[in-house]
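The chain contents come next:
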Amino acid sequence: MSAVFPVKICGLIEPATVSAAVDAGARYLGFNFFPKSPRYVTPQQAAALMIDVPMGVAKVSLSVDADDATLDAIVSQTTTDMLQLHGAESPQRVAEVRARYGLPVIKALGIADADDLAQIDLYSGVADQLLIDAKAPKGAVLPGGNGLPFDWELLRARKYWTKPWLLAGGLTPSNAALAIARTGAAQLDVSSGVESAPGVKDAGLIRAFIKAANAPAVPSLG
């Protein structure tokens, strides 16, 4: 399948679902290096998963407040194309990581209310792309991948972005098209929304999600 709308399938841990995501037309594949996640992979495991990913599909390595030693291992042992910082990394840390490794950096930002939108401008100057996700509930173990949406109306009025961005948070095959219509997102990121159980990607759901993202636009209500 040759999909047009850019979709990132994140948290891949099995060769079969890596292949399914590529075949369905995913533009990005995400590999999770956060040990507390059910989607966690080691650099050695990720390297094996990345080996047959074709040119044109970006391999993204996700970490959470990782130190240089952790990132060194990821970058040196895998063929990652991009780094995704999904913790509380400061703008200064994002800039340091980008300079140290010479790789594009995606910075994930958790959104719960209008006050959180200030982060967008703060990080736009240092990251190559932004990932706009639902803020994790208080006490949550995972900073993302919790299957929770946020109020998309918070993004609806924002017409100008200085960096490319991906929408995440509670996305599924059934709401992907509406999410695009409501927010104006030009890229989507999904993890738990294409799983049959935590960490277990479903090839059918991956295909359905990418098909939904490429469906004709639905009317934006309201």
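Thresholds applied
Residues numbered from 1 in each chain as written. Predicted model: local features only at pLDDT ≥ 70, side-chain atom pairs only at ≥ 80, totals over all residues. Heavy atoms only, no water. Salt bridge = Lys/Arg side-chain N within 4 Å of Asp/Glu carboxyl O. Helix = DSSP H or I, 4+ residues; strand = E, 2+ residues; numbered from the N terminus. Buried < 20%, exposed > 50% of the residue type's maximum accessible area, 1.4 Å probe, protein only. 1 Å grid on protein atoms, 1.4 Å probe; cavity = no way out; pocket = protein on both sides within 12 Å on 5 of 7 lines; lining within 4 Å. Points joined across faces, edges and corners; volume = space filled by probe spheres on them. Nonpolar A, V, L, I, M, F, W, Y, C, P; charged D, E, K, R; others polar.

Caption draft 1: A look at the pattern of salt bridges. Per the stated rule, a full pass over the model turns up 13 salt bridges. The shortest N-O distance in the salt bridge between K8 and D189 comes to 2.5 Å. In this pair, K8 is assigned in strand 1 (residues 7-9) and D189 in strand 8 (residues 188-190), connecting sequence segments 181 residues apart. Per residue, the accessibility class of K8 equals that of D189, and both read buried. One salt-bridge network, in which partners are shared between bridges, spans D68, D72, R93, E96 and R100.

Caption draft 2: Structural detail: the layout of surface pockets. Of the pockets and cavities examined, the largest pocket occupies roughly 170 Å³. In terms of lining residues, the largest pocket is bounded by 14 residues, among which H86, G87, A108, L109 and G110 are the most central. Secondary structure elements with two or more residues in the lining of the largest pocket: strand 5 (105-111) and helix 5 (118-124). The element that contributes the greatest number of residues to the lining of the largest pocket is strand 5, accounting for four residues. For the lining of the largest pocket, a count of residues per class yields six nonpolar, four polar and four charged.

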